[in-house]
Amino acid sequence: MKENIEQRVIGLFVLMLGILAFVAVSAVRNIQQSIKDSDWVNHTHAVIIDVSEVLSYLHAGDSALRNYVLTGDKRDQGAYRGAYSTMVERLDDAKALTRSGAEEAGIQLQIVGLQNLISNRIDIARSIVKAREQGGLEAARRLFLTNPDLDSMVTIERAANRLVGDENKLLTARDKAEHLQAQGTKLSVYSGVAVNFMLLAFVFWLLRDDLKARRQAAKALEDANAQLEAKVQERTAELVKANQALKQENLERRWSYQALEHQMRYNQLIINSIVEMVFVVSRALNISRVNPAVVHQTSWNPQDLVAHSIERVLQLPLETEAGAPQNPLIIAMRDGREIQEQPAVLISRSGKTTPVQYSLIPLHDQDKVVGGVVTVRPRNGASPEHQQ
Amino acid sequence: MKKHILSIDDEADIRELLQEALTMRGYRVSTAADAETAKRIVQQDPPDLIIMDFQIEDGDGLVLIEDIRQAGRDIPILLLTGAVFDSDVVRETIEKKVSRYLDKTASLSQIVTEVEKLLGQAPRS
């Protein structure tokens, strides 16, 4: 979309540039043509003026010639010569001015024809002057009468007027052509400017549309960023909260562990400091734990006793139940009752026996008995060293 | 201004854990392992609450409580210990000397709740 608009805008600007170039070239060509036409018009007018002056000087020369013939005054002779000379110069100028250009070839021919007529006229004038100088007024009068002076003058005037008329026609045709060309140039300039303005308006419309689309896209991006930011903040807050909860949980766990460990150590200290022998047994009378007093008084190591029956270290008088002898600890634990201060015999590792008293506290875990704690202490006055 | 809590316990792990948990809650926590340090802190920077164990490095917690009371400090005390098990004994003896009693097996959240309660109420005379 963006590239498409850029390409369109570039294309339109190239088109506008092309139109501007065309208009500029057209205008320059028109100006050049106008300069050329202006030059042509100027020299055409100069030709017309020259031809008109040719007639004027011809008449002036003729008049001076007549005066000379009548008076023989040298000043009149000089005047006629001067007028004729200027006339010839003007004709030469006109010829020179019409030398270039195909459209003036006809004019050039007419000037040549006019030159011939004037040349004849000058020849006649010379012969009259010569006759006046040699034969006097009468000879000159005769020569005047024998030459068709009037016809020659009329022919020259007609030729000159025709030439001027043709030049005027050319001027008119050139004016028309120039006018048409100016109109065409004006039309091309106006059209080019109008088209360029339309193209500019189109470019403006395209850019405005593009800017609008860009603004909308920027706004959408801004909104998306704001939403993302909000989500990130929300997520961060959740993570912070979760992290806090995790830290709290971790602390709680460490605290529980520490508290439990402390409690166990404290309990262990209490048990270890009891002077009486303590056996923790299962319902099947297997030992799971003993206190240091047991080790001290029987020389058994804990590993010699743990997982063995308490009967290995403690002999109890059996009870009869349903006609069969039974260990009183098993019966008491089955019934969930305590035994207090009953006689028994302690067997040390060396095999020595000592009369002792034992007690049993069944261990209740919820509704059932899972084992028991047997405490043993020597009977009053008895010791392993003195009893077998 | 942050409330100041003094934690007295002979076990470094317990002190550190309590300090961490209470600092997270926005309290300023000082710690002491022995009675001398505890008494010095109470003298120089009186706390708003004391959390302590019976067992301290150079003495007895109950004696320390008596010393603090005799020094005229009406600071609420939360006793945190695993040494006493009988609730009747606790009610009849210890609770008369301290503001609250909690077993060390109580959870941290329970301890923090008690702390918040104690700091929100008037000190016990």
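Right above here is the structure, for reference.
Remember, predicted model here, so these are calculated numbers, not experimental data.

Colleague: Any details on the overall build of chain B? Residues and values, ideally.
Modeller: Within chain B, the regular secondary structure consists of five helices and seven strands. Residue burial in chain B is summarised as follows: out of 125 residues, 34% are buried. The long-range fraction of contacts in chain B, counting pairs at least 24 apart against all pairs at least 6 apart in sequence, stands at 61%.

Colleague: Explain the nonpolar core residue by residue, including any values.
Modeller: Ile5, Leu49, Ile50, Ile51, Ile77 and Leu78 of chain B are the most contacted members of the largest nonpolar core, which totals 35 residues. Ranked by the residues each element gives to this core, the list is headed by helix α1 (residues 12-24) of chain B, at five residues. Ignoring anything within four residues of it in the chain, the contact list for isoleucine 51 of chain B reads Ile5, Ser7, Leu18, Leu78 and Leu80 of chain B. One finds Val47, Leu58, Met87 and Ala125 of chain A within the second-largest nonpolar core, a separate group that totals 27 residues.

Colleague: Any chance you could break down unusual backbone geometry for me, citing the residues and the numbers?
Modeller: Residues and elements named next belong to chain A. Backbone geometry places serine 299, a non-glycine residue, at a positive phi of 65°. Tracing the chain through its elements places serine 299 in the loop between α5 (292-298) and α6 (302-305). Residue classification places serine 299 among the partly exposed residues on the basis of 13 C-beta atoms within 10 Å. Positive phi outside glycine occurs at glutamine 366, with the angle close to 60°. With respect to the secondary-structure elements, glutamine 366 resides in the loop between β7 (353-365) and β8 (368-378). Accessibility expressed as a C-beta count within 10 Å gives 5 for glutamine 366, which makes it exposed.

Colleague: Give me the lowdown on the packing of helix α2 (residues 74-97) of chain A against helix α3 (residues 105-146) of chain A, citing residues and values where you can.
Modeller: Residue and element names in this part refer to chain A. One way to put it is that α2 packs onto α3 with a least axis distance of 10 Å and a crossing angle of 165°. By the criterion of interaxial angle, the relationship of α2 to α3 is roughly antiparallel. Every pair of crossing elements has a handedness; the one defined by α2 and α3 is left-handed. Of the residues in α3, those in contact with Gln77, Tyr84, Met87, Leu91, Ala94 and Lys95 of α2 are Gln108, Ile111, Leu114, Gln115, Ile118, Ile122, Ala125 and Val129. Grouping the constituent residues of the contact of α2 with α3 by class yields ten nonpolar, three polar and one charged.

Colleague: How would you sum up the sheet that holds strand β3 (residues 49-52) of chain B? Please name residues and give values.
Modeller: Residues and elements named next belong to chain B. Taken together, the five strands give an open sheet; going across it, the order is β2-β1-β3-β6-β7, and neighbouring strands pair in parallel fashion. Single-partner strands in this sheet number two, and they are β2 (28-32) and β7 (100-103). Each neighbouring strand pair of the sheet contributes to a mean axis angle of 20°, computed without reference to strand direction. Against the sheet, α1 contacts β1 (4-8), β2 and β3, and its axis sits at roughly 170° relative to β2.

Colleague: Could you give an account of the interface of chain B and chain A, with specific residues and numbers?
Modeller: Counting residues at the interface gives 14 residues for chain B and eleven residues for chain A. Looking at the side of chain B that touches chain A, the elements with two or more residues in it are α1 and α5 (108-120) of chain B. A per-element tally of the side of chain B that touches chain A places α1 of chain B first, with six residues. For the side of chain B that touches chain A, a count of residues per class yields six nonpolar, four polar and four charged.

Colleague: Run through the sheet that holds strand β2 (residues 287-290) of chain A, naming residues and quoting values.
Modeller: Residues and elements named next belong to chain A. One open sheet accounts for six strands, arranged β2-β1-β8-β7-β6-β3; its pairing is antiparallel. Where the open sheet ends on each side, the last strands, each with one partner, are β2 and β3 (314-315). Relative to β7, strand β6 (residues 339-347) runs antiparallel, the two being bridged by seven bridges. Each residue of the ladder has a partner; that of alanine 344, found in β7, is valine 356.

Rules used in this analysis
- Numbering of residues starts from 1 in every chain and runs along the sequence as written.
- Numbering of ligands from 1 and lettering of chains from A proceed in the order in which they are written.
- It should be noted that, the model being predicted, local features are given only for residues of pLDDT at least 70 and side-chain atom pairs only at 80 or more, the latter also being counted only at that level, while totals for whole chains, interfaces and linings use all residues.
- Helix and strand labels come from DSSP, where a helix needs a run of H or I of at least four residues and a strand needs a run of E of at least two; each type is numbered from the N terminus.
- Around each residue's C-beta, the other C-beta atoms within 10 Å are counted; 20 or more make the residue buried, 12 or fewer make it exposed, and counts in between make it partly exposed. All C-beta atoms are placed from the backbone.
- Throughout, a residue-residue contact means that the two C-beta atoms, derived from backbone geometry, are no farther apart than 7 Å.
- Only buried Ala, Val, Leu, Ile, Met, Phe, Trp, Tyr and Cys residues enter a nonpolar core, and they are joined through C-beta atoms within 7 Å.
- Axis angles are defined between N-to-C directions and span 0 to 180 degrees, where every axis is a line fitted to C-alpha atoms and, for a helix, only to the segment in contact.
- The labels follow the angle: roughly parallel below 35 degrees, roughly antiparallel above 145, roughly perpendicular from 65 to 115, and oblique for the rest.
- By definition, turning the near helix anticlockwise from the far helix through less than a right angle yields a left-handed crossing, and turning it clockwise yields a right-handed one.
- When residues are grouped by polarity, Ala, Val, Leu, Ile, Met, Phe, Trp, Tyr, Cys and Pro land in nonpolar, Asp, Glu, Lys and Arg in charged, and all others, Gly among them, in polar.
- When DSSP finds two or more bridges between two strands, those strands count as paired.

By themselves these figures say nothing about function.
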